[in-house]
Every structure is written in structure tokens, then in C-alpha cells.
Amino acid sequence: MTMTDAFRLKPTFAARIWGRDSLAPWYTDTGMNEKVGEAWLTGPKSVVETGPEAGKTLAAVSGDIEFPLLVKMLFPNDKLSVQVHPNDEEAVALGLTRGKTECWYVLEADPGASVACGLKKGTEVADVLQSIAAGTLEDLLEMISVVKGDMIFVDAGTVHAIGPGVTLLEVQQTCDVTYRLYDYGRPRELHLEAGLAVVKTETDAGTIKPKVKKGFVRLIETRYFVVDRYDLEPGQAVTLENPSAGCIVGLEGKGSVAGVEIVPGQAAVLPQGSSTIETDTGLTFVWSWEPSAA
């Protein structure tokens, strides 16, 4: 990547049938009159908000090498469709750069909130197709109850869905290919042939136990991404040794890095090298990067 300075990106909001009328307290004005389901914090079309590159897209600043992580916040007020994503090999065969493995960090969760992550043991692809036709696919899904602070890993090929009552920070490979298998009777297109071709009946998906490190918490570590959470006290600073370009997302409080303000609900992209994050008031943020790019 050609980027040499830290900068903040402007969130991009996406209307979704399953979204919310209000994204408070994260965002007070989305500029949209429709239900909003996603806030894209990074992405090729994300616009730089600070510094000498302000006004350019992340794709333009990244140069020839695409920024590898797509980071979003999800705000479901209804069930998302049951869906599946291709892995790297399957995606390359389609002419794409990479597949779509992702993870969900639970920022908020109502009592009883849950996500669907994988198929029940013994389920075959033929069973999935039959249950879609019968309108009973939910009966074949492994449901996971979630609370604030949980981390869920969703590797490519996992049949999955998100329920209402949660707010999620999603970190994934930069790939926006989704195959919708089932949509509860809503009049949206399904992608059965392509989706069933990439379904894996057994995957590594599920809840990941966090690991407490010196000065931070490692939420997840995979070949595709590493996600850490830092909780800084007022007046505290921390220096990140960035093996590759990555991004931080503010969750609570405020801070700064190289003169760029860190605020809740926005991503700041950090270049490879050392970056020092400071705060006067206290700051909680998530730091994510791709280890394979190091």
C-alpha cells in the first residue's frame, strides 16, 4: 500500500429492509429517510475525512494493493436472510480477489438475542435444499445466544444469519459477495445454485474466547484478520507496532493518533509502522489488521 499517514474515514450508510429508523447513540443523523442496516466504516468507496488525502476514496489512497479488511457496524431490527459466502479458492474461480470470512463483535445485545451460525450436526446439503422449499431452514441452524462482548467467528462456507436485538461490529475480508439462501418469505432474490455450491456442512464457526494480553484483549486471531480491544484510562497512551496497514474503530470515549481524532463509530486507518494512540478522557477502541499482509 502507498499510504504513509493516519487518516479517518467517513461512515457510509446502507438502507436495508431489516434495518432501524434510528442508529442512536452511535449516529444521530444518517442523512437517509429509509431504514438503515449498515454503516460501512471501511471499503473501497469510503471517503477520507482528514489530512492531505481528504476527499479521496480508500481505494485511491491504497493504490495498487486493495485494503484487505471491510469493517462495518450492523443494526438489525429484524432477521437478516440466511446466507453463505465463498472461500478464497471459490472466489478466485469467480474472478474475485478473495473470499469472505468474517467475525462479529457484539457491541449491544438485548436479553435473549441470538445469531445462527452453522448447520446442526448431521445436516447435509440436500437437507438444506429441502428445508428451504418447505420454509423450515431455521430448524437446521445452530443458534448461539449472545451478550455484549462476545466474538463470533464465521468462516466462509458457514450457513449463518443474524437476529434482531443486537448491534455488531463486523470485520471481514474485503469481499461483498453474499449468497442468500432463505429470506422468511420476503420478496427478495435467492441465490440457491451458487449458495448451495459453497455450503460447508462442518466449519470452524462459533464463539471465540478472548485472550487477555499485556495491555489489551485479543478478541480473535485468524489467518485473515486479528482483532484486539484496548481500554485506555484518562491520560494513558499506547503505541501500536503495525505489521501492516489496519484500522482502529472508536467504541467509547475519545482519543487521537498522529493528530487524527478517534471517535465512536468511525474508523481511522493506520499505516504500517508505529502509531501512538493518546487520550485525555479515556478511550476504548478495536484494532484490526491482516496478518497475512505483514
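## What about the sheet that holds strand 21 (residues 260–262)?
Read from one edge of the open sheet, four strands run 18-23-20-21, paired in antiparallel fashion. Among the strands making up the open sheet, the edge pair consists of strand 18 (237–242) and strand 21. Neighbour to neighbour, the strand axes of the sheet diverge by 25° on average, direction disregarded. Direction of pairing for strand 20 (residues 255–257) relative to strand 21: antiparallel, over a ladder of three bridges. From the neighbouring strand, Val-257 faces strand 21, where its bridge partner is Val-260.

## Considerations on unusual backbone geometry
With an omega of 5°, the peptide bond between Ala-24 and Pro-25 qualifies as cis. You can see Pro-25 is positioned in the loop between strand 2 (12–20) and strand 3 (36–40). Phi angles above zero are rare outside glycine, and Tyr-184 is one such case at about 60°. When you line up the elements, Tyr-184 lands in the loop between strand 13 (179–182) and helix 4 (192–198). Even without a glycine there, the phi angle at Ala-258 is positive, about 50°. For Ala-258, the location among the structural elements is in the loop between strand 20 and strand 21.

Parameters at a glance
- Residues numbered from 1 in each chain as written.
- Predicted model: local features only at pLDDT ≥ 70, side-chain atom pairs only at ≥ 80, totals over all residues.
- Heavy atoms only, no water.
- Pairing = 2+ DSSP bridges.
- Helix = DSSP H or I, 4+ residues; strand = E, 2+ residues; numbered from the N terminus.
- Axes fitted to C-alpha atoms, helices over the stretch in contact; angles between N-to-C directions.

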